Amino acid sequence: HWGPVLFAVLVACGCLAATFVCASELGVRRELAATAALALATCPILLHSTFQPMSDAACALAATLAVACALRAARKDRPAWGAAAGAALAAAVLL
């Protein structure tokens, strides 16, 4: 009974963490990156999709992870991060 709700809450927490990582990869100070994650945490659309069993939050997580991996691939010049970005984007499209 609580499985889908718990999964959605964990996915929403992952969205917040991925947003923080994206902001950090863009060179934003840690305080502002945390503010960006806090702004996402108060977004009504994310809150609605978290407490309703839908795939919207999971798709947002996969898309945000794709951006984070692509930013890291550009900064680190490592092909594995590029492959991870592609896999995350594929997951976002398939969800």
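Quantities reported herein were computed from a predicted structural model and do not represent experimental measurements.

What counts, and where the lines are drawn
Residues numbered from 1 in each chain as written. Predicted model: local features only at pLDDT ≥ 70, side-chain atom pairs only at ≥ 80, totals over all residues. Heavy atoms only, no water. Helix = DSSP H or I, 4+ residues; strand = E, 2+ residues; numbered from the N terminus. Rg over C-alpha atoms; globule rule 2.2 N^0.38 Å. Buried < 20%, exposed > 50% of the residue type's maximum accessible area, 1.4 Å probe, protein only. Axes fitted to C-alpha atoms, helices over the stretch in contact; angles between N-to-C directions. Left-handed = near helix turned anticlockwise from the far one by under 90°. Contact = heavy atoms within 4.5 Å. Nonpolar A, V, L, I, M, F, W, Y, C, P; charged D, E, K, R; others polar. Patch = residues over 30% accessible without salt bridge, like charges linked within 9 Å, V, L, I, M, F, W, Y side chains within 5 Å. Areas by Shrake-Rupley, 256 points an atom, 1.4 Å probe, with all protein chains shown as cover. Salt bridge = Lys/Arg side-chain N within 4 Å of Asp/Glu carboxyl O. Expected span 1.5 Å × (residues − 1). Arc of directions from axis to C-beta. Core = buried A, V, L, I, M, F, W, Y, C linked by side-chain atoms within 4.5 Å.

**Student:** How would you explain the overall build of the chain if you had to name every residue and give the values?
**Tutor:** Looking only at helices and strands, the chain features five helices and zero strands. Put simply, the chain runs from its N terminus to its C terminus through helices and strands in the order α-α-α-α-α. The C-alpha atoms of the chain give 14 Å as radius of gyration, which agrees with the globular expectation for 95 residues (12 Å, within 12%). Taken over the C-alpha atoms alone, the chain extends approximately 45 × 30 × 15 Å along its principal axes. By residue count, 27% of the 95 residues in the chain fall in the buried class.

**Student:** An account of the packing of helix 1 (residues 3-25) against helix 2 (residues 30-41) is needed here, citing residue identities and associated values.
**Tutor:** Viewed as axis vectors pointing N to C, helix 1 and helix 2 meet at an angle of 145 degrees, and their least axial separation amounts to 8 Å. The crossing of helix 1 and helix 2 is right-handed. Note on element contacts: helix 2 touches helix 1 through R30, A33, A34, A36, A37, L40 and A41, opposite C15, L16, T19, F20, A23 and S24. Each residue belonging to the contact of helix 1 with helix 2 can be placed in one class, and the counts come to ten nonpolar, two polar and one charged.

**Student:** Tell me about a nonpolar patch on the surface, residues and numbers included.
**Tutor:** Together, V9, L47 and F51 line one region of the surface with nonpolar side chains, adding up to about 250 Å² of accessible area. Positionally, V9 belongs in helix 1. Since its relative accessible area comes to 30%, V9 is described here as partly exposed.

**Student:** Any chance you could break down the pattern of salt bridges for me, citing the residues and the numbers?
**Tutor:** What the rule picks out here adds up to three salt bridges. A salt bridge links E25 to R72; the shortest N-O distance between them is 2.6 Å. You can see E25 sitting in helix 1 and its partner R72 sitting in helix 4 (residues 56-76), a full 47 residues away along the chain.

**Student:** Got a sec to walk through helix 5 (residues 79-94)? Specific residues and values, please.
**Tutor:** End to end, helix 5 covers 23 Å across 16 residues, agreeing with the expected 22 Å (1.5 Å per residue, within 8%). Buried within helix 5 we find A85, A88 and A92. The buried residues of helix 5 occupy an angular sector of 70 degrees when the element is viewed end-on, so they sit on one face. Turned more than 90 degrees away from the buried face of helix 5, the exposed residues are P79, A80, A83, V93 and L94. Contacts made by the buried residues of helix 5 are with helix 4.

**Student:** Residue-level account of the nonpolar core, with values.
**Tutor:** If you look at the biggest cluster of nonpolar residues, it comprises seven residues: V11, C15, A18, L46, A57, A58 and L61. Those elements that provide at least two residues to this core are helix 1 and helix 4. Excluding anything up to four places from it in sequence, V11 contacts A57, A58 and L61.

So, to be careful, I would describe these as geometric facts and stop short of saying anything about function.
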